[in-house]
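Architecture at a glance
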Amino acid sequence: MLRHTVATLAYRGGKALRGAPADFSAFRVAPGTRSPGEILAHIGDLLDWAVALADGQHVWHNSPVVSWEEGTARFFAGLEAFDRRLASGVAPGFPAGKLFQGPVADALTHIGQISMLRRLAGVPVKGENYFRAHIAAGQVGAEQAAAVTEFD
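Residues numbered from 1 in each chain as written. Predicted model: local features only at pLDDT ≥ 70, side-chain atom pairs only at ≥ 80, totals over all residues. Heavy atoms only, no water.

We now examine the nonpolar core. Residues Leu9, Ile43, Trp68, Phe75, Leu79, Phe82 and Ile114 are the most contacted members of the largest nonpolar core, which totals 34 residues. Secondary structure elements with two or more residues in this core: helix H1 (2-17), helix H2 (36-54), helix H3 (68-87) and helix H4 (96-120). Looking at this core element by element, the count peaks at nine residues for H2. Ignoring sequence-local partners within four residues, the contact set of Trp68 consists of Leu17, Ala20, Phe24, Ser25, Pro36, Gly37, Leu40 and Ile114. (Core = buried A, V, L, I, M, F, W, Y, C linked by side-chain atoms within 4.5 Å. Buried < 20%, exposed > 50% of the residue type's maximum accessible area, 1.4 Å probe, protein only. Helix = DSSP H or I, 4+ residues; strand = E, 2+ residues; numbered from the N terminus. Contact = heavy atoms within 4.5 Å.)

Attention now goes to H1. Relative to the 22 Å expected for 16 residues at 1.5 Å per residue, H1 spans 22 Å between its end C-alpha atoms, a close match to the ideal helical length. Buried residues dominate H1, accounting for 13 of its 16 residues. Backbone geometry just downstream of H1 places Gly19 in the positive-phi region, at approximately 75 degrees. (Expected span 1.5 Å × (residues − 1).)

Let us look at the pattern of salt bridges. Evaluated as defined, the whole model comprises eight salt bridges. The closest approach of N and O atoms between Glu38 and Arg28, which form a salt bridge, is 3.0 Å. With a gap of 10 residues between them, Glu38 in helix H2 and Arg28 in the loop between H1 and H2 connect regions that are remote in the sequence. Among the ionic pairs, Lys126 bridges to Asp152, the shortest N-O distance being 3.5 Å. Pair noted here: Lys126 is in the loop between H4 and strand E1 (127-128) and Asp152 is in the segment after strand E2 (150-151), with a separation of 26 residues, a long-range link. Assessed through its relative accessible area of 84%, Asp152 is described here as exposed. (Salt bridge = Lys/Arg side-chain N within 4 Å of Asp/Glu carboxyl O.)

Here the focus is the packing of H2 against H3. Each pair of packed helices can be described by the angle between their axes along with the distance between the axes. Between H2 and H3, the shortest axis-to-axis distance is 9 Å and the interhelical angle comes to 20 degrees. Viewed along their axes, H2 and H3 adopt a mutual orientation that is roughly parallel. Like other packed secondary-structure pairs, H2 and H3 cross with a definite hand, here left-handed. Along its contact with H2, which presents Pro36, Gly37, Leu40, Ala41, Ile43, Gly44, Asp45, Leu47, Asp48, Ala50, Val51 and Ala54, the element H3 presents Trp68, Gly71, Thr72, Arg74, Phe75, Gly78, Leu79, Ala81, Phe82 and Arg85. Along the lines of polarity and charge, the residues of the contact of H2 with H3 split into 13 nonpolar, five polar and four charged. (Axes fitted to C-alpha atoms, helices over the stretch in contact; angles between N-to-C directions. Parallel < 35°, antiparallel > 145°, perpendicular 65-115°, else oblique. Left-handed = near helix turned anticlockwise from the far one by under 90°. Nonpolar A, V, L, I, M, F, W, Y, C, P; charged D, E, K, R; others polar.)

By relative accessible area, Glu38 is classed as partly exposed at 28%. The spatial distance from the C-alpha of Glu38 to the C-alpha of Gly71 is 9.5 Å, given a sequence separation of 33 residues. In this structure Glu38 touches Arg28, Thr33 and Val65, once residues within four positions along its chain are discounted. Of the polar contacts made by the side chain of Glu38, one reaches the backbone nitrogen of Ser35; its length is 2.8 Å. (Polar contact = N/O pair within 3.5 Å; in protein donor to acceptor, adjacent residues only side chain to side chain.)

In structure tokens form, the structure reads like this:
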């Protein structure tokens, strides 16, 4: 189930990150709020943390904002590293429930924030019936299945 959740994060994250305009990374809804670029950097940190936790280490780093393209590449590289670790057959260093409730659930929340910020910035992501989406454990790269049922 955890690997399927990571694949779901890849699918939904890919949809939220693809096609964002160059200036979207710096968009802010109000002073003092995180920009999409800052949120994406934080998601990358969450995925690095997830890999470390799976290895039994509680290690956290705050990374600087990079270009949207670099942040997107880091997002998928982090998902691939985490999924590879989960698929290795070696028991994770912390329980799967803890891995879910910490870095994975937080990353899902932040992908939702990016989707909401896209709408507020005037470049919305199309809604979708995610139940019908073709998502499978291990499918965590930038190449994702096409949407089955999108709506406006």
